[in-house]
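Chain by chain, the residues:
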Amino acid sequence: MKLFSYLSVAVLLLSSLALAAYSPDLLSALIVGLMCIIALAGCIHGLLPTISITGGLLNGQKKHPQGV
């Protein structure tokens, strides 16, 4: 789960950089760059804390099995 999340963030960033590189003019490159910054901020603000919380829940589940 954690690896898939990190890979999806990497694919998102690499694809946005590729779009910025192949944009036909400066305005398009700026808009794609702004979209990349917004997507990165969303991943940092939303996805990374979710991964941390999920890891803590899985750790707690391993320490205290359901039967106890």
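What counts as what
- Residues numbered from 1 in each chain as written.
- Predicted model: local features only at pLDDT ≥ 70, side-chain atom pairs only at ≥ 80, totals over all residues.
- Heavy atoms only, no water.
- Helix = DSSP H or I, 4+ residues; strand = E, 2+ residues; numbered from the N terminus.
- Rg over C-alpha atoms; globule rule 2.2 N^0.38 Å.
- Areas by Shrake-Rupley, 256 points an atom, 1.4 Å probe, with all protein chains shown as cover.
- Expected span 1.5 Å × (residues − 1).
- Bend = angle between axes of the 7 residues up to and from the residue.
- Contact = heavy atoms within 4.5 Å.

Caption draft 1: Looking closely at the overall build of the chain. What the chain contains, in helices and strands, is 2 helices and 0 strands. Relative to the globule expectation of 11 Å for 68 residues, the C-alpha radius of gyration of the chain, 18 Å, shows a markedly less compact shape. Seen through its C-alpha atoms, the chain measures out along the principal axes to roughly 65 × 15 × 10 Å. Of the roughly 5500 Å² of accessible surface on the chain, 76% is carried by carbon and sulfur atoms.

Caption draft 2: A look at helix 2 (residues 26-63). Counted at 1.5 Å a residue, the expected span for helix 2 with its 38 residues is 56 Å, and the 54 Å between its end C-alpha atoms agrees. At C43, helix 2 shows its maximal bend, which comes to roughly 30°. On its buried face, helix 2 is in contact with helix 1 (2-21).

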